[in-house]
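Each chain, letter by letter, is given below.
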Amino acid sequence: MENPTQNVNETKVDLGQEKEAAQEEEVEHSTAAKETIIDIPAACPSSSNSSSYDTDCSTASSTCCTRQGEHIYMQREAIPATPLPEAEDLSLLKYVHRQHWPWFILVISIIEIAIFAYDRYTMPAQNFGLPVPIPSDSVLVYRPDRRLQVWRFFSYMFLHANWFHLGFNIVIQLFFGIPLEVMHGTARIGVIYMAGVFAGSLGTSVVDSEVFLVGASGGVYALLAAHLANITLNYAHMKSASTQLGSVVIFVSCDLGYALYTQYFDGSAFAKGPQVSYIAHLTGALAGLTIGFLVLKNFGHREYEQLIWWLALGVYCAFTVFAIVFNLINTVTAQLMEEQGEEITQHLLHDLGVS
């Protein structure tokens, strides 16, 4: 038979052990509560409310502070690092901003000088300043009565009236063309130059359809107008945009002033050689401005520039299509009138009894 006193003692021992375990667990919880991890800003607290803290403001990601015997581990907020551009973005940026050799301007200038020197050697003029007598049946000169020979709309740029005409065009296209080609590349500048040459002959065929045309002034003025397009697109990224704009304005003003003087005030200018085709200059400049907006590099990409792009494309296409259709209709009409004129002449001769 079991002793009741022994059972009571065992029960008391069990209760005492449970009480001691509960006390130890409370002590552990209270100790853990004294160590707290909180997030604080990167800057050290400087207000009066934080005077009870002893803080080590170091560059480490965490700092230990003490307050009334408690240890508080404060985790600093991480500062996001600026992401570095990827390798593909860097290569694309270098490609966009890379410089080019001005092959087109140099080659086209050498060809124009060589062809003029050949014409000067084979058909010498009486004086150095007098115009070279270019034959009207040259395969390069633009002629309104041979519009169907399409290459003439471009090949006339290789012929020049005199040394002054050639030298003026060469100097201007070197001075204004090389900086553009170094920045934007050979293909873009070649397109602008040839578009100006083509527009010069097209405009002349529409407005002044009875004249022959020689010279590269259409391409030269296209380069000048392309500078205006470049300044409009990339003004914020250019160091000397105002200087370039001023040089273009000064040159155009001087050229226009000289042209007006020779046409209206200097009567001897007509005896010096062929007259200047202002229509070729104007239409070449229009082509250079519109094509410049279409093909030149744009380093800014602002919203309104998309509207400029479509406007330039519409203006150039409208002018080009109109001029081409005009030339086709004019050519076909001239051929029909010529054929009908011969038939009418033969009928009149027959009626008069003349064989």
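Residues numbered from 1 in each chain as written. Predicted model: local features only at pLDDT ≥ 70, side-chain atom pairs only at ≥ 80, totals over all residues. Heavy atoms only, no water.

**Some points on the overall build of the chain**
Part 1 of the argument: When you go through the chain residue by residue, the secondary structure sums to ten helices and four strands.
Part 2 of the argument: Along the chain, helices (α) and strands (β) appear in the sequence α-β-β-β-β-α-α-α-α-α-α-α-α-α when read from the amino end.
Part 3 of the argument: Across the 355 residues of the chain, 32% fall into the buried class.
Part 4 of the argument: For the chain, long-range pairs separated by at least 24 residues make up 71% of all intrachain contacts whose partners lie at least 6 apart in sequence. (Helix = DSSP H or I, 4+ residues; strand = E, 2+ residues; numbered from the N terminus. Buried < 20%, exposed > 50% of the residue type's maximum accessible area, 1.4 Å probe, protein only. Contact = heavy atoms within 4.5 Å.)

**Considerations on the packing of helix H5 (residues 163–184) against helix H7 (residues 217–234)**
Part 1 of the argument: For the pair H5 and H7, the least separation of the axes is 9 Å and the interaxial angle reads 30 degrees. Looking at the two axes, H5 sits roughly parallel to H7. Considering how the two elements wind past one another, H5 and H7 form a crossing that is left-handed. Where H5 abuts H7, its residues His165, Asn169, Ile172, Gln173, Phe176, Gly177, Leu180, Met183 and His184 lie against Ser217, Val220, Leu223, Leu224, Ala226, His227, Asn230 and Asn234. (Axes fitted to C-alpha atoms, helices over the stretch in contact; angles between N-to-C directions. Parallel < 35°, antiparallel > 145°, perpendicular 65-115°, else oblique. Left-handed = near helix turned anticlockwise from the far one by under 90°.)

**Structural notes on the pattern of salt bridges**
It is possible for side chains of opposite charge to pair when their charged atoms get near one another.
Part 1 of the argument: Evaluation of the coordinates by the stated rule reveals one salt bridge.
Part 2 of the argument: Between Arg143 and Asp145 there is a salt bridge, with its nearest N and O atoms 2.7 Å apart.
Part 3 of the argument: On the basis of relative accessible area, Arg143 is assigned to the buried category, the value being 10%. (Salt bridge = Lys/Arg side-chain N within 4 Å of Asp/Glu carboxyl O.)

**Overview of the packing of helix H3 (residues 103–122) against helix H6 (residues 186–207)**
Part 1 of the argument: Relative orientation of the contacting elements H3 and H6 amounts to 45 degrees, with a least axis distance of 8 Å. Overall, the two elements H3 and H6 adopt an arrangement that is oblique. Residue-level contacts link Trp103, Phe104, Ile105, Ile108 and Glu112 of H3 to Thr186, Ile189, Gly190, Tyr193 and Met194 of H6.

**Points about H3**
Part 1 of the argument: Given a rise of 1.5 Å per residue, 20 residues ought to cover 28 Å, and the 29 Å separating the end C-alpha atoms of H3 matches this to within 8%.
Part 2 of the argument: Listed in full, the buried residues belonging to H3 are Phe104, Ile105, Ile108, Ser109, Glu112, Phe116, Asp119 and Arg120. Angularly, the buried residues of H3 cover 125 degrees about the axis, an arc narrow enough to put them on a single face. In H3, the exposed positions that point more than 90 degrees away from the buried face belong to Trp103, Ile110, Tyr118 and Tyr121.
Part 3 of the argument: Buried residues belonging to H3 abut H5, H6 and H7. (Expected span 1.5 Å × (residues − 1). Arc of directions from axis to C-beta.)

**Description of the packing of aromatic side chains**
Geometrically, a pair of aromatic rings is defined through the distance of the ring centres and the angle of the planes.
Part 1 of the argument: In total, this model carries 13 aromatic pairs according to the counting rule given.
Part 2 of the argument: Ring geometry for Phe104 against Tyr193: centres 5.4 Å apart, planes inclined by 70 degrees, an arrangement best described as edge-to-face. With Phe104 in helix H3 and Tyr193 in helix H6, the pair connects residues that are 89 residues apart, well separated along the chain.
Part 3 of the argument: Since its relative accessible area comes to 0%, Tyr193 is described here as buried.
Part 4 of the argument: Here the aromatic rings of Phe153 and Phe198 are separated by 6.1 Å at their centres, their planes lie at 70 degrees, and the arrangement is edge-to-face. A residue pair is termed long-range when its members are at least 10 positions apart, and Phe153 in helix H4 (residues 152–155) and Phe198 in helix H6 qualify at 45 residues.
Part 5 of the argument: On the basis of relative accessible area, Phe153 is assigned to the buried category, the value being 6%.
Part 6 of the argument: By relative accessible area, Phe198 is classed as buried at 16%. (Phe/Tyr/Trp six-rings, centres within 6.5 Å; stacked < 30°, edge-to-face > 60°.)

**Remarks on the UniProt feature "active site" (unreviewed entry) in the chain**
Part 1 of the argument: Here, UniProt's "active site" (unreviewed entry) annotation points to Ser217 and His281. For the residues just named, distributed over 65 residues, the greatest C-alpha separation is only 6.1 Å, placing them together at one site.
Part 2 of the argument: When you line up the elements, Ser217 lands in helix H7.
Part 3 of the argument: Taking the relative accessible area as the measure of exposure, Ser217 reaches 11% and is therefore buried.
Part 4 of the argument: Beyond its immediate chain neighbours, meaning those up to four positions away, Ser217 contacts His165, Asn169 and His281.
Part 5 of the argument: Of the polar contacts made by the side chain of Ser217, one reaches the side chain of Asn169; its length is 3.4 Å.
Part 6 of the argument: Note that His281 resides in helix H9 (residues 278–295). (UniProt positions renumbered as here; feature names shortened; annotations may be inferred. Polar contact = N/O pair within 3.5 Å; in protein donor to acceptor, adjacent residues only side chain to side chain.)

**Things to note about a nonpolar patch on the surface**
Part 1 of the argument: Together, Trp101, Trp103, Val107 and Ile111 make up an exposed nonpolar region whose accessible area comes to about 480 Å².
Part 2 of the argument: Along the chain, Val107 turns up in helix H3.
Part 3 of the argument: Since its relative accessible area comes to 45%, Val107 is described here as partly exposed. (Patch = residues over 30% accessible without salt bridge, like charges linked within 9 Å, V, L, I, M, F, W, Y side chains within 5 Å. Areas by Shrake-Rupley, 256 points an atom, 1.4 Å probe, with all protein chains shown as cover.)

**Focus: the nonpolar core**
Part 1 of the argument: Counting residues in each nonpolar core, the largest one holds 33 residues, and the members touching the most others are Met157, Ile189, Ile192 and Tyr193.
Part 2 of the argument: Mapped onto this core, the elements with two or more residues apiece are H3, H6, H7, H9 and helix H10 (305–351). (Core = buried A, V, L, I, M, F, W, Y, C linked by side-chain atoms within 4.5 Å.)

**Concerning the side chain of Arg152**
Part 1 of the argument: Position of Arg152 among the secondary structure elements: in helix H4.
Part 2 of the argument: Here Arg152 sits buried without a salt bridge, and the closest side chain of opposite charge, Asp145, lies 7.0 Å off (N-O distance). (Lys, Arg positive; Asp, Glu negative; His and termini not counted.)

**Looking at the environment of Cys317**
Part 1 of the argument: Along the chain, Cys317 falls in helix H10.
Part 2 of the argument: When the C-alpha atoms of Cys317 and Ala287 are compared, they prove to be 10.0 Å apart, with 30 residues separating the residues in sequence.

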